[in-house]
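# Secondary and tertiary structure notes
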Amino acid sequence: MVTLAQQGQGVFGLQGRPNQTISFATVTVQADDSAKLSIRLADGNNIAFAGQQTRKTADEIVLNLTSSGNADAQGPANIRYGLNNSILSISANGTLDGQPFFIQFSGQQASTQPPVAPPAAGAVVCTGQMQNGWQYRTEVANQRFTEIRWEQSGAESTVSALRFYRNNAQGQPVYRGSFRAATELALVDLSGGNPRPGSQISIGVEEWGWSRGNCR
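Now for a description of the structure that goes with this document.

About the cut-offs
- Residues numbered from 1 in each chain as written.
- Predicted model: local features only at pLDDT ≥ 70, side-chain atom pairs only at ≥ 80, totals over all residues.
- Heavy atoms only, no water.
- Salt bridge = Lys/Arg side-chain N within 4 Å of Asp/Glu carboxyl O.
- Buried < 20%, exposed > 50% of the residue type's maximum accessible area, 1.4 Å probe, protein only.
- Phe/Tyr/Trp six-rings, centres within 6.5 Å; stacked < 30°, edge-to-face > 60°.
- Helix = DSSP H or I, 4+ residues; strand = E, 2+ residues; numbered from the N terminus.
- Lys NZ or Arg CZ within 6 Å of the ring centre and 35° of its normal.
- Contact = heavy atoms within 4.5 Å.
- Disulfide = S-S within 2.5 Å.
- Pairing = 2+ DSSP bridges.
- Axes fitted to C-alpha atoms, helices over the stretch in contact; angles between N-to-C directions.

## Observations concerning the pattern of salt bridges
Tallying each qualifying case throughout the model produces 3 salt bridges. A salt bridge links R137 to E139, with the shortest nitrogen-to-oxygen separation between them at 3.4 Å. By relative accessible area, which is 38% here, E139 ends up partly exposed. Between R149 and E147 there is a salt bridge, and its shortest N-O distance comes to 3.1 Å.

Here you go:
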């Protein structure tokens, strides 16, 4: 069994409700890979998620969240950990009873270690081009994609709003939207919910085909 715990600071967001501050987090993984992720909010309430460990390396654990109490939950959680079972950071997003949520947490480290700062909103930008010449650009905010900006020489630029749809069988978040309210499109976060420089996205537009974009 692996147990990680850490004080720190973060944000829990649930669609339709104000964001709440996280002050403490714990992660427990059993021998059968069943796992629990618990966050303590600044008001003293705890939110606990259950799920399954899907990957573990020397410094990262990836969970597939499946429930929160009696509520259904779906989404990946990426936990970076360090010495003495400390949590360096947690990034998660998905749905809770059908409503999109996200968790962004940075553990408070000892003074002998440099602080781990969460990525700044909009710091990660993903770009690419469809086969028909339309170029796209989308920024990451709180580990989520909210819109795509389209540009093409000789055409008026446009913006497609995105909504989180679900995670696919590989645990990759899928977002849906439309081009000029007429053509359906989808964005797949190939990072598994932790977009960062070097990761990729896949964008598919009805009748246009698919394109692979790079994040920086």
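From this point, things continue past the structure.
## Details of the packing of aromatic side chains
Scanning the model with the defined rule gives 9 aromatic pairs in all. Seen in terms of ring centroids, F12 and F101 are 6.3 Å apart; in terms of plane orientation they differ by 35°. Their pairing is tilted. Note that F12 is positioned in strand 1 (residues 2-14) and F101 in strand 8 (residues 99-107), a separation of 89 residues in sequence. Since its relative accessible area comes to 4%, F12 is described here as buried. The ring of Y165 is capped by R176, whose NZ or CZ atom sits 3.8 Å from the centre of that ring.

## Structural notes on the side chain of S91
Turning to its location among the elements, S91 is positioned in strand 7 (residues 87-96). Those residues within four positions of S91 in sequence are excluded, and the remaining contacts are P76, A77, N78, I103, Q104, Q143 and N194.

## Comments concerning the state of the cysteines
If you walk through the whole model with that rule in mind, you get 1 disulfide. Each sulfur in the disulfide pair C126 and C215 lies 2.0 Å from the other. When the S-S torsion is 100°, as for the bridge of C126 with C215, the disulfide is right-handed. Taken as a pair, C126 in strand 9 (residues 125-129) and C215 in strand 18 (residues 209-215) lie far apart in primary sequence, 89 residues in all. Given a relative accessible area of 0%, C126 falls into the buried group.

## Here we look at the sheet that holds strand 4 (residues 46-56)
Spatial ordering of the closed barrel is given by 1-2-3-4-5-6-7-8, a layout of 8 strands whose pairing is antiparallel. Each neighbouring strand pair of the sheet contributes to a mean axis angle of 30°, computed without reference to strand direction. As judged from the 9 bridges shared by strand 1 and strand 2 (residues 20-29), these two strands associate in the antiparallel manner. Directly across from T3, in strand 2, lies its bridge partner T28.

## Comments concerning the environment of R80
Here R80 lies in strand 6 (residues 71-81). For R80, a relative accessible area of 35% puts it in the partly exposed group. In sequence terms R80 and I39 are 41 residues apart; their C-alpha atoms lie 15 Å from each other.

## Section: the pairing of strand 3 (residues 34-41)
Burial of the side chains of strand 3 is restricted to one face: A35, L37, I39 and L41 are buried, whereas none of S34, K36, S38 and R40 on the reverse face is. Where strand 2 and strand 3 come together, 7 bridges link them in antiparallel fashion. Residue I22 lies in a different strand from strand 3, and its bridge partner there is L41. What sits between strand 2 and strand 3 in their antiparallel hairpin is a turn of 4 residues, with D33 showing a positive phi close to 75°. Sheet topology note: the strand 3/strand 4 ladder contains 7 bridges and is antiparallel. Across the sheet, residue S38 finds its bridge partner in strand 4, namely A48. Hairpin geometry of strand 3 and strand 4 is characterised by an intervening segment of 4 residues between the two adjacent antiparallel strands and by a positive phi of about 95° at G44.

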